[in-house]
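Structure assessment
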Amino acid sequence: MPRRPLTLAAAAVLLLAACTPGTETADDVAPAGQEAKGSIEFWHFFTDREAKAIDDAIAKFENAHPDIDVNVTAGQDDAKMLQAISSGKGPDVGLSYSTDIVGKFCSSGAWRDLTPYIERDKVDLDQFPETVRSYTSYHDRRCAMPFLADVYGLYYNKTLLAQAGYTAPPKTMTELADMAKKLTKRAPDGTIEVAGYVPLLNFYENTPQHIVPGWDAKWLTADEKSAIGTDPQWAAMLKWHKDLVDWYGYDNLQKFTAGLGDEWSADNAFHKGKIAMSVDGEYRVAFLTDQAPDVDFGTAPLPVADDQADRYGAGFVTGNIAGISANSKNPEAAWALIEYLTTETDSIVGLSNAIKNVPTTADALASPDLQVDEKFKVFLDIFEHPETSTTPPNASGPKYVEMAQEYVNGYLSGANKDPASGLKDLDTRIDQALELGR
Amino acid sequence: MAPALIGIGVFFLYPLLAAVYFSFTRFDLLTVPEWVGLRNYTYLFTQDSVAGKAALNTLWFVVILVPARMLAALLTSMLLVSLKRGGGFFRTIFYLPALAPPVAATIAFVFLFNPATGPVNEVLSWFGVDGPLWFDSPDWSKPSLVLLGTWAVGDLMVIFLAALLDVPKPLYEAASIDGANAWQRFVHITLPSLSPVLMFAAVTGVIQTLQYFTQAAVAASVASGTATTGGGISSTFGYPENSTLTYPLHLYVSGFRYYDMGYANALAVVLFLVAFAVTLVLLRRFRAFTGGAR
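Report follows, based on the coordinates. (Residues numbered from 1 in each chain as written. Chains lettered and ligands numbered in written order. Predicted model: local features only at pLDDT ≥ 70, side-chain atom pairs only at ≥ 80, totals over all residues. Heavy atoms only, no water.)

1. Section: the overall build of chain B
The number of helices and strands found in chain B is 13 helices and two strands. Along the first, second and third principal axes, the C-alpha set of chain B runs to 75 × 60 × 35 Å. Relative to all contacts within chain B whose residues are 6 or more apart in sequence, the contacts with residues 24 or more apart total 67%. Split by element, the accessible area of chain B, about 14600 Å² in all, is 71% carbon and sulfur. Averaged over its 15 positive side-chain charges, chain B has a centre that lies 11 Å from the centre of its 13 negative ones. (Helix = DSSP H or I, 4+ residues; strand = E, 2+ residues; numbered from the N terminus. Contact = heavy atoms within 4.5 Å. Areas by Shrake-Rupley, 256 points an atom, 1.4 Å probe, with all protein chains shown as cover. Lys, Arg positive; Asp, Glu negative; His and termini not counted. Charge placed at Lys NZ, Arg CZ, Asp CG, Glu CD.)

The following block contains the structure:
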């Protein structure tokens, strides 16, 4: 009897070797001019109204490529894609909502290097802004193409601003703080009824990621170590927020934000006039038009630090990305789909019009068919601004961003006291954590 | 015996050995694991401050939530036993919360305890009490989850109820004749009779709480106000200020959000060892408590 468990254990150890993944692929690229055919799996994360727009785009692709059959699966998130690819399955083409996966998917080979296809088909990468090119590749390995982009700016409620005597949005952080105070309305007991601006950095889209471009604060050094503790802009950014949080009272803000509707529901506080100014993505224009047509609002670039007035107009950009799985049995057809979705002007313009995200190519941005009003135009301009930035891709995904966010939240609540030593300690912890995933 | 061994081998032994092996590797699910020796354990015990915080949070739940649930279930079942009539009705009422899906129940609790719009603070304000921030406060988020846990004790309650009804009546009668008061009858008759069931509740409660995940994840996500964000639910785990980040949540985030699957396995191995040790200690204490009779 004692031998049996041993045999089982030995079998288990052997199985271990069999059950670990291998995502190395040979990038065999067909010669130019050969038409791809066959069927491919396409996973994306959209649902409902937006998924319908994707279906329409796929139908157009199939019309243009009658020999390719695309099976679409909607509502798939990155964790599912990761698990599917690791078990040797998964889609030929994956569409992700987040650039967080680029570092890992590129460096591990989970998504194929697209360079051979790009070179063969002479795809001009200069049609994408430099920042967009940077968030779709990692260590010179281009494993993703940009699908549509999300650009962040400032939304302001024109009615509330007019009541306080303002006709234009703030351009500097000092102006933002002053206006926030003047626009805030409190009940006699001190409870916040309307906040001019919520300076917490874990509220809706108000996160360090989206706001630090206003200070031009850097995340990582060139050798992928934390730059947070050594870049003085971080301390400036923290001080600005802490001053405003203290003006409101941290507990007052917590109580106020806890009573607001969910960000993604029609009860979003900006829709309800509970917040006068708010950081958000370009997609909020469509939500407001759809769910709160009575709100008179305007859009503007993020305010910048007082001594960086020349950078006004820049902001944060991130985007949806598409790549070909290492397991793809039909990479040629998969590339045909990606090339169509990410570089074909008609397709990009159609999708941008349908789901109100920012198109990524120069031709699509200039297309007369792109439906642009003055509110949406603000985001197109931010997108094209040379100083617009993003969080650099990393093999540990969003780890460094979230560690910074955790520290910042603790600082604003008063739990983390001394920012000078706190940020230095954060650098050490981020470097150790990133080393773990290298 | 053979089919059982296959089951144990495939569903217990293999995953266990795999977890131990992966815990010594750098593994991201996508590439072949690379042996790194004790690297993951060094990081866990000397560098990862979040793991320490997560472990303390989980320990907090083990120390507070498990006894709180046992106490609530015991009191409820004793109340039901003492009822002269309507026992069936109240038994159903008290059991019902256990049937509520944890996700739905948690969402409902976060809404009920919303500091600005929830009815709980509204009622408290009638009595001049300025209610806390509940799920939005790092000090109150864990106690709020304990309230949720003690609300849904129907599972434990029915077990305690059955055990209470099993206590031989003559023991109580004899004790009463000897002049024992209610407290003495509880300590000397009820508790010893219930001890196997209490032990069962303690052991399973500790093991379940070491794996406490769903309620903490959902409460954090809903309270943070970005419940359906496209960035994936795991970005809100721990809200507010990592006060609800339990050890298994940290494990999940490490593995599936940061791709440190080798490290996540190290976390899992440590969790397994702790659960195993705690169970052993509890069983030993229990044997000592009952004089080794069981």
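2. Re the overall build of chain A
Tallying secondary structure elements over chain A gives 18 helices and 12 strands in all. In terms of C-alpha radius of gyration, chain A reaches 24 Å, essentially the compact-globule figure of 22 Å for 438 residues. Seen through its principal axes, chain A has C-alpha atoms that stretch 70 × 65 × 40 Å. Counting across all 438 residues of chain A, residues that qualify as buried make up 60%. For chain A, restricting intrachain contacts to residue pairs at least 6 apart in sequence, the fraction spanning at least 24 positions comes to 74%. (Rg over C-alpha atoms; globule rule 2.2 N^0.38 Å. Buried < 20%, exposed > 50% of the residue type's maximum accessible area, 1.4 Å probe, protein only.)

3. Side note on unusual backbone geometry
Following B:Y239, the chain continues to B:P240 via a peptide bond in cis, the omega torsion being -10°. Its place among the elements puts B:P240 in the loop between α11 (214-223) and α12 (247-257). Positive phi values are uncommon outside glycine, yet A:E224 reaches one of about 60°. The residue A:E224 is located in the loop between α9 (208-211) and α10 (232-248) in this model. For A:E224, a relative accessible area of 12% corresponds to the buried category.

4. Here's the deal with the state of the cysteines
Residues and elements named next belong to chain A. Counting across every chain of the model gives one disulfide over all chains. Linked covalently through their sulfurs, C106 and C143 form a disulfide whose S-S length is 2.0 Å. The chirality of the disulfide connecting C106 with C143 is left-handed, given an S-S dihedral of about -90°. Here C143 lies in the loop between β5 (141-142) and β6 (145-157) and C106 lies in helix α4 (residues 102-108), a separation of 37 residues in the sequence. The pair C106 / C143 is uniform in exposure class, with both members buried. (Disulfide = S-S within 2.5 Å.)

5. Some details on the pairing of strand β1 (residues 38-43) of chain A
All names here are of chain A. By the bridge criterion, six bridges tie β1 to strand β2 (residues 68-73) in an arrangement that is parallel. The residue bridging E41 from the neighbouring strand is N71, located in β2. On the question of chirality, the crossover connecting β1 to the parallel β2 by way of helix α2 (residues 48-64) is right-handed. The pairing of β1 with strand β3 (residues 93-96) spans two bridges and is parallel. Looking at the pairing, F42 lines up with V93 of β3. (Pairing = 2+ DSSP bridges. Right-handed = clockwise from strand over helix to strand, strands pointing away.)

6. Some words on the pattern of salt bridges
Residue and element names in this part refer to chain A. Applying the stated criterion across every chain yields a total of 20 salt bridges over all chains. Note that R284 and D280 form a salt bridge whose closest N and O atoms lie 2.8 Å from each other. Accessibility expressed as a relative area gives 1% for R284, which makes it buried. The partner of E435 in a salt bridge is R438, with the nearest N and O atoms 3.2 Å apart. Owing to a relative accessible area of 34%, E435 belongs among the partly exposed residues under this scheme. One salt-bridge network, in which partners are shared between bridges, spans D216, K218, R311 and E387. (Salt bridge = Lys/Arg side-chain N within 4 Å of Asp/Glu carboxyl O.)

7. Section: the interface of chain B and chain A
Each partner contributes to the interface: chain B provides 49 residues, whereas chain A provides 52 residues. Each partner contributes to the roughly 4400 Å² buried at the junction of chain B and chain A, and carbon and sulfur atoms together form 61% of this total. Inspection of the chain B/chain A interface yields four salt bridges. Between A:K104 and B:D28 there is a salt bridge, with its nearest N and O atoms 3.0 Å apart. Between the two partners, chain B and chain A, sit 13 residue pairs in polar contact (both at pLDDT 80 or more). The leading source of residues in the side of chain B that touches chain A is helix α1 (residues 2-22) of chain B, at eight residues. (Buried area = accessible area lost by both parts, 1.4 Å probe. Polar contact = N/O pair within 3.5 Å; in protein donor to acceptor, adjacent residues only side chain to side chain.)

8. Topic: a negative patch on the surface
Residues and elements named next belong to chain A. Together, E175, D178, D306, D307 and D310 make up a region of like negative charge exposed at the surface. Structurally, the position occupied by D307 is in the loop between β10 (297-300) and β11 (316-324). With relative accessibility at 63%, the residue D307 sits in the exposed group. (Patch = residues over 30% accessible without salt bridge, like charges linked within 9 Å, V, L, I, M, F, W, Y side chains within 5 Å.)

9. Observations concerning the packing of aromatic side chains
For the coordinates displayed, the defined rule picks out 40 aromatic pairs over all chains. When the centroid spacing of 6.5 Å and the interplanar angle of 50° are considered together, the rings of A:F46 and A:F147 count as tilted. Of this pair, A:F46 sits in the loop between β1 and α2 while A:F147 sits in strand β6; the two residues are 101 residues apart in sequence, bridging distant segments of the chain. Note on A:F147: relative accessible area 2%, which makes it buried. Considering the side-chain rings of B:W183 and B:F186, the 5.7 Å spacing of their centres and the 35° angle between planes classify their relative orientation as tilted. (Phe/Tyr/Trp six-rings, centres within 6.5 Å; stacked < 30°, edge-to-face > 60°.)

10. A look at α12(B)
Because the α-helix completes a turn every 3.6 residues, residues three or four places apart line up on one side. Residue and element names in this part refer to chain B. Most of α12 is tucked away, with eight of its 11 residues classed as buried. Among the residues of α12, those classed as buried are Y247, P248, L249, H250, V253, S254, G255 and R257. Just downstream of α12 lies Y259, where phi reads positive at about 65°.

11. So, the layout of surface pockets
Residue and element names in this part refer to chain A. Each pocket or cavity is described by its volume, and for the second largest pocket that value is around 700 Å³. Elements with a contribution of two residues or more to the lining of the second largest pocket: α6 (130-135), β11 and α16 (374-384). Here the lining of the second largest pocket gets four residues from one element, more than from any other, and that element is α6. A breakdown of the residues in the lining of the second largest pocket according to their chemical character gives 15 nonpolar, 10 polar and six charged. (1 Å grid on protein atoms, 1.4 Å probe; cavity = no way out; pocket = protein on both sides within 12 Å on 5 of 7 lines; lining within 4 Å. Points joined across faces, edges and corners; volume = space filled by probe spheres on them. Nonpolar A, V, L, I, M, F, W, Y, C, P; charged D, E, K, R; others polar.)

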